[in-house]
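Observations on the model geometry
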Amino acid sequence: MFIYISGLKKSYMSGEVKTEVLKGIEMQLEKGEVGVILGPSGSGKSTLMNILGGIDRCDSGKVLVDGVEINKLNENQLTDFRREDIGFIFQFYNLVPNLTVGENIEVVSNISKSPFNIDEVLKAVEMQDKKHRFPRELSGGEQQRVSIARAIVKNPKLLLCDEPTGALDFQTSRSILKLLQKVNKEFGTTILMITHNAAIAAMANRVFKVRSGEIVETVVNQVTVPAERIEW
Ligand SMILES: Nc1ncnc2c1ncn2[C@@H]1O[C@H](COP(=O)(O)OP(=O)(O)OP(=O)(O)O)[C@@H](O)[C@H]1O
Ligand SMILES: [Mg+2]
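Residues numbered from 1 in each chain as written. Chains lettered and ligands numbered in written order. Predicted model: local features only at pLDDT ≥ 70, side-chain atom pairs only at ≥ 80, totals over all residues. Heavy atoms only, no water.

**Some details on the environment of Ala 151**
Definition in use: Segments assigned H or I by DSSP are reported as helices when at least four residues long, segments assigned E as strands when at least two residues long, and all are numbered from the N terminus. Contact definition: two residues touch when any of their heavy atoms are within 4.5 Å.
Within the element layout of this structure, Ala 151 appears in helix H5 (residues 140-152). Once the C-alpha coordinates of Ala 151 and Ile 89 are considered, the two residues, 62 residues apart in sequence, prove to be 6.6 Å apart. Other than its neighbours up to four places away in sequence, Ala 151 contacts Gly 87, Phe 88, Ile 89, Pro 156 and Leu 159.

**Here we look at the pattern of salt bridges**
Note the threshold: Criterion for a salt bridge: a side-chain nitrogen of Lys or Arg within 4 Å of a carboxyl oxygen of Asp or Glu. Remark: exposure states derive from per-residue accessible area (1.4 Å probe, protein chains only) relative to the maximum for the residue type, with buried under 20%, exposed over 50%, and partly exposed in between.
One pass over the structure, following the stated rule, counts eleven salt bridges. For Asp 85, the salt bridge identified is with Lys 157, shortest N-O distance 3.8 Å. One end of the pair, Asp 85, is in helix H2 (residues 75-85); the other, Lys 157, is in the loop between H5 and strand E7 (158-162), with 72 residues separating them in the sequence. The class for Lys 157 is partly exposed, based on a relative accessible area of 39%. Salt-bridge contacts for Lys 130 lead to Glu 142; the nearest nitrogen and oxygen are separated by 2.8 Å. Placement of Lys 130 in the loop between helix H4 (118-124) and H5 and of Glu 142 in helix H5 is noted, with a sequence separation of twelve residues between them. Of the two residues examined, Lys 130 and Glu 142, each falls in the buried class.

**Examining the site of ligand 1**
As a reminder, the rule being used: We call a residue near a molecule or strand when any one of its heavy atoms sits within 4 Å of it. Here a polar contact is taken to be a pair of N or O atoms separated by no more than 3.5 Å, where protein atoms must pair a possible hydrogen donor with a possible acceptor and residues adjacent in sequence count only if both atoms sit in side chains. Per-residue and other accessible areas were derived by the Shrake-Rupley procedure at a 1.4 Å probe size, with only the shown protein chains allowed to occlude residues.
In the region of ligand 1, the neighbouring residues are Tyr 12, Val 21, Pro 40, Ser 41, Gly 42, Ser 43, Gly 44, Lys 45, Ser 46, Thr 47, Glu 163 and His 196. A distance of 2.7 Å is found between an oxygen atom of ligand 1 and a side-chain nitrogen or oxygen belonging to Lys 45. About the coverage of ligand 1: the protein hides 57% of its 640 Å² of free accessible area. Considering every element that reaches the shell around ligand 1, the biggest residue donor is helix H1 (residues 45-52), with three residues.

**A look at the UniProt feature "domain: ABC transporter" (unreviewed entry) in the protein chain**
Rule in force here: UniProt positions are given in the numbering used here, feature names are shortened, and annotations may be inferred rather than shown by experiment.
UniProt records the feature "domain: ABC transporter" (unreviewed entry) at residues 3-232, using the numbering of this structure. When the span residues 3-232 is considered, its composition is 29% helix and 29% strand, and the gap between its end C-alpha atoms is 29 Å.

**Remarks on empty space enclosed by the protein**
The following threshold applies: The pocket and cavity definitions rest on a 1 Å grid over protein atoms only: a 1.4 Å probe that fits but cannot leave marks a cavity, an open set with protein on both sides within 12 Å along at least five of seven lines marks a pocket, and residues lining either have an atom within 4 Å of a point. Grid points are joined across faces, edges and corners, and a volume is the space filled by probe spheres set on the points.
What the rule picks out here adds up to one cavity of 30 Å³ or more. As a volume, the largest cavity reaches approximately 40 Å³.

**Quick word on the layout of surface pockets**
As a reminder, the rule being used: When residue character is reported, Ala, Val, Leu, Ile, Met, Phe, Trp, Tyr, Cys and Pro are called nonpolar, Asp, Glu, Lys and Arg charged, and the others, Gly included, polar.
Quantified by volume, the largest pocket comes out at close to 340 Å³. As for the largest pocket, its lining consists of 16 residues, and the residues nearest its centre are Phe 88, Val 108, Arg 150, Ala 151 and Lys 154. Among the secondary structure elements, those contributing two or more residues to the lining of the largest pocket are H2, strand E6 (86-90), helix H3 (101-110) and H5. Looking at the lining of the largest pocket, the element that brings in the most residues is E6, giving four residues. Partitioning the lining of the largest pocket into residue classes produces eight nonpolar, four polar and four charged.

**Quick look at the packing of aromatic side chains**
Two descriptors summarise a pair of aromatic rings, namely the distance from one centre to the other and the angle between the planes of the rings. As a reminder, the rule being used: Each aromatic pair joins two rings of Phe, Tyr and Trp (for Trp, the six-membered one) with centres within 6.5 Å, and gets the label stacked for planes under 30 degrees apart, edge-to-face for over 60, and tilted for any other angle. Think of it as a cone above the ring: NZ of Lys or CZ of Arg counts as a charge over the ring if it is within 6 Å of the ring centre and within 35 degrees of the ring normal.
A complete count under the given rule lists three aromatic pairs for this structure. Against the face of Phe 134 rests Arg 136, its NZ or CZ located 5.1 Å from the ring centre.

**A short note on the side chain of Thr 195**
Mapping Thr 195 onto the fold places it in strand E8 (residues 190-195). In this structure the side chain of Thr 195 is engaged in a polar contact, spanning 2.8 Å, whose partner is the backbone nitrogen of Asn 197. Aside from chain neighbours lying at most four places away, what touches Thr 195 is Val 36, Ile 37, Leu 38, Gly 39, Glu 163 and Ile 200.

Pasting the structure below:
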C-alpha cells in the first residue's frame, strides 16, 4: 500500500489552549516497504499513526493511502477502510482476555473480506501449539505474537505497529522483529513501525525522524539489515 502524506496538521484543545501536535507532516512510503518512525516522547508519532490508520482525523493536509484520500471518507467508509485494510499492533497486546488464542484471531477473521487461513497464520507466528490457551497463560512475547497473528489474519495492506517491542526484552524483541520482516516478505505487507530504538531503523527501507510534530529527516536505506543481525 502506497502512502503519501503532505501538509498534515493536527491540534488538540485542552481547555482554552490549543496545542499543535502535527505541524505539516510530509512523508511517503512505497508499497511493500518497511518504514520506521523515530522520535522522542510526545513528538506526535502515535497521533500520526492513528490518523493514517483511520482511528483519528487530521485538521488539514493530504493523507493518501493507495490513492484514496482518507480524510475525505465519511465515518462508515473510514470504518470499512480501517477494518479491511489496516492491521494494528500495539505495545500492550490488547488481546481479549476471556477468548482463547484461536478465538482472538477468529473474531477478526470473521469480519474480514479475504482473510488468511487461521492455522497458517498461527503457524507463521509459531503459535499453532497454543491455539486453545488463554492470553493470561502466555508470556509477553507470545501474546505479542498472537497480536501480530490477529493483525495479519485479515490480510491487511498496511500493518501499523506502535512500539511493538516496547514491553519486551532484547531476545524476544528480536524474534518479534524477525517475524515482522517475515510477514513483510511473505505476504508483501507494507509495514510502518514506531520505535524509540534507533538500532531497529537498520531493518527499514525508510526512516522518518520526528521532532515536535515535524519530520526533520528521512533516511532511505539502500541496504536493509536482517532483524537477527540487529544489536542493541
Ligand atoms: N487526545 C488528545 N488530547 C489532547 N492532547 C493529546 C491527545 N493525544 C495526544 N495529545 C498530545 O499530543 C502530543 C503528542 O502525542 P503522541 O501520543 O502522538 O506522542 P508520541 O510521539 O507517540 O509519544 P510517546 O513516544 O510517548 O508515545 C502529546 O503532547 C500529547 O499530550
Ligand atoms: Mg506514542
